Amino acid sequence: MSGRFLSIGECMVELSQAGEGLLRKGFAGDTFNTAWYARACLPPAWSVDYFTALGDDPMSDEMVAFMSKAKIGTNLIRRIKGKTPGLYMINLRNGERSFSYWRDSSAARSLAADPDRLREAVESADVIYFSGITLAILPLDDTETLLAEIRRAKAVGKFVVFDPNIRPRLWSSYDIMHTTISEGGRASSLVMPSFDDEVAHFGDASIEATIERYLALGASHVVVKNGAEGATLSFANEKAYVPAEKVETVVDTTSAGDSFNGAFLAHYLENRDAPAAARFGAKIAARVVSEHGALVPKEKLGL
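Residues numbered from 1 in each chain as written. Predicted model: local features only at pLDDT ≥ 70, side-chain atom pairs only at ≥ 80, totals over all residues. Heavy atoms only, no water.

**Some remarks on the overall build of the protein**
Next up, step 1: When helices and strands are counted, the protein shows ten helices and 14 strands.
Next up, step 2: If you line up the protein on its principal axes, its C-alpha atoms span 50 × 45 × 40 Å.
Next up, step 3: Counting only residues that meet the buried cut, the protein has 55% of its 303 residues in that class.
Next up, step 4: At a minimum sequence separation of 6, the contacts of the protein that also span at least 24 residues come to 69%.
Next up, step 5: In the form shown here, the protein has an accessible surface area of approximately 13,000 Å², with 50% of it arising from carbon and sulfur atoms.
Next up, step 6: Each charge class in the protein can be summarised by its mean position, and for the 33 positive and 39 negative side chains these summaries are 3 Å apart. (Helix = DSSP H or I, 4+ residues; strand = E, 2+ residues; numbered from the N terminus. Buried < 20%, exposed > 50% of the residue type's maximum accessible area, 1.4 Å probe, protein only. Contact = heavy atoms within 4.5 Å. Areas by Shrake-Rupley, 256 points an atom, 1.4 Å probe, with all protein chains shown as cover. Lys, Arg positive; Asp, Glu negative; His and termini not counted. Charge placed at Lys NZ, Arg CZ, Asp CG, Glu CD.)

Dropping the structure here:
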């Protein structure tokens, strides 16, 4: 099989702990992380492209070169004069991460400000992936522009995938967050939420409640991630539970969900077997959380 996988969102400069008070520079961001693992797990016949906006500064140039080296397409990326990428730092304690961000003036906030370029990117793809963070960083009018293109893609039969990835600090109000996340789910074919987010911010009493809420919005499929408790799937009204892989030592959970999503989608797009895809996603995520950083090289994934 072959096709075009498009991930939409923000890639940032990442600073992680390198020991002895030093920091290591990298590049990461939820939808880019998923593109990274999709690229690692998909065969060469598939293209994987990233759509965002960057500046014209040396760090943006370096980021584009990094993506290209990873065989992730960059031709659709907007470059905006005078702008720069956002930056975040990972703080780790016992394998659990917290983040400090500097992203208020990030170029990626303008990724949907050119509707023609956005439409060109979406129309070129067979699979479109985006997240709640993608929606949260945009001005409200641009959020609607992006959602309109996503709805249009779903209507013409493209496979649209949404991870709500709920981050309240990025939203101006809870009401806007709830409404927009729900619209993201409504516009999608497959929703891949994390259960702890849905409990905290939508009050879901059970995984089944999360599944039913997104199905009622119009999604055809739902995969609920529940950390070490595994994943629960609803595909074409067939339910399945897949346990998480056991991990001896958790080093860094930064990209646990993103890597699961990328590996799951890569396997599913090739084999159309959702439970098998979830088992594969769990295997890759287990390897990822055993390493430092958001982006683990392909050679360490056991592929």
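**Focus: the pattern of salt bridges**
When the charged atoms of two side chains lie near each other, side chains of opposite charge can form a pair.
Next up, step 1: The full count for this structure, using the stated rule, is 16 salt bridges.
Next up, step 2: The residue R103 makes a salt bridge to E10 at a minimum N-O spacing of 2.6 Å. Here the residue R103 occupies a position in the loop between β8 (96-102) and α3 (115-123), and E10 occupies one in the loop between β1 (3-8) and β2 (12-19), the gap between them amounting to 93 residues.
Next up, step 3: Its relative accessible area of 7% is what places R103 among the buried residues.
Next up, step 4: A salt bridge links E183 to R151; the nearest nitrogen and oxygen atoms lie 3.5 Å apart. Within this pair, whereas E183 is found in helix α6 (residues 174-186), its partner R151 is found in helix α5 (residues 140-155), the two being separated by 32 residues in sequence. (Salt bridge = Lys/Arg side-chain N within 4 Å of Asp/Glu carboxyl O.)

**Topic: the pairing of strand β12 (residues 221-225)**
Along a regular strand, successive side chains alternate from one face of the sheet to the other.
Next up, step 1: Of all five residues in β12, five are buried, a share of seventy percent or more.
Next up, step 2: The two faces of β12 match: H221, V223 and K225 on one face and V222 and V224 on the other face are all buried.
Next up, step 3: Bridging between strand β11 (residues 190-191) and β12 involves two bridges; their strand directions are parallel. Across the sheet, the residue bridging to L190 is H221, located in β12.
Next up, step 4: Pairing geometry for β12 and strand β13 (residues 231-235), over five bridges, is antiparallel. Residue pairing for β13: V224 is matched across the bridge by T232. (Pairing = 2+ DSSP bridges.)

**So, helix α2 (residues 58-69)**
Residues spaced three or four apart along an α-helix point in a common direction, a consequence of the helix completing one turn every 3.6 residues.
Next up, step 1: Between its first and last C-alpha atoms α2 spans 16 Å; for twelve residues at 1.5 Å apiece the expected length is 16 Å, and the two agree.
Next up, step 2: Contacts from the buried residues of α2 go to β2, β3 (22-28), α1 (30-41), β4 (46-51), β5 (53-55) and β6 (78-80). (Expected span 1.5 Å × (residues − 1).)

**With respect to the pairing of β1**
Next up, step 1: Of all six residues making up β1, five are buried, and the element is well covered by its neighbours.
Next up, step 2: Inspection of the sheet shows β1 paired to β4 by six bridges, in the parallel sense. Bridge pairing links I8 to F51 in β4.
Next up, step 3: As judged from the three bridges shared by β1 and strand β9 (residues 127-131), these two strands associate in the parallel manner.

**Concerning the side chain of T134**
Next up, step 1: Along the chain, T134 turns up in helix α4 (residues 132-136).
Next up, step 2: Of the residues examined, T134 reaches a relative accessible area of 1% and is grouped as buried.
Next up, step 3: A distance of 2.8 Å separates a polar side-chain atom of T134 from the backbone oxygen of I8.
Next up, step 4: Excluding its chain neighbours within four sequence positions, the residues that come into contact with T134 are I8, G9, T31 and L146. (Polar contact = N/O pair within 3.5 Å; in protein donor to acceptor, adjacent residues only side chain to side chain.)

**Here we look at the packing of helix α9 (residues 256-271) against helix α10 (residues 274-288)**
Next up, step 1: Between α9 and α10, the shortest axis-to-axis distance is 7 Å and the interhelical angle comes to 145°. As α9 packs across α10, the resulting crossing turns out to be right-handed. Seen from α9, the contacting residues are A256, S259, F260, A263, F264, H267 and Y268; seen from α10, they are A274, A276, A277, A278, F280, G281, A282, I284, A285 and V288. (Axes fitted to C-alpha atoms, helices over the stretch in contact; angles between N-to-C directions. Left-handed = near helix turned anticlockwise from the far one by under 90°.)

**Let's talk about the nonpolar core**
Next up, step 1: Among the nonpolar cores identified, the biggest contains 55 residues, and F5, L190, V223, L233, F264 and L265 are the most heavily contacted of them.
Next up, step 2: Those residues within four positions of L233 in sequence are excluded, and the remaining contacts are V222, V223, E238, K239, A240, V242, F264, A274, P275 and A278. (Core = buried A, V, L, I, M, F, W, Y, C linked by side-chain atoms within 4.5 Å.)

**Examining α5**
Next up, step 1: Helix length check: α5 (16 residues) gives 22 Å between terminal C-alpha atoms against 22 Å at 1.5 Å per residue, within 8%.
Next up, step 2: Residues D142, T143, L146, L147, E149, I150 and A153 constitute the buried set of α5. Buried residues of α5, seen end-on, are gathered within an arc of 160° and therefore sit on one face of the element. Of the exposed residues in α5, those oriented more than 90 degrees away from the buried face are L140, D141 and A155.
Next up, step 3: Where α5 is buried, its residues meet β1, α3, β9, α4, β10 (159-163) and α6.
Next up, step 4: Of the residues one or two after α5, G157 is the one with positive phi, at around 100°. (Arc of directions from axis to C-beta.)

As far as function goes, none of this settles anything; it's purely spatial.
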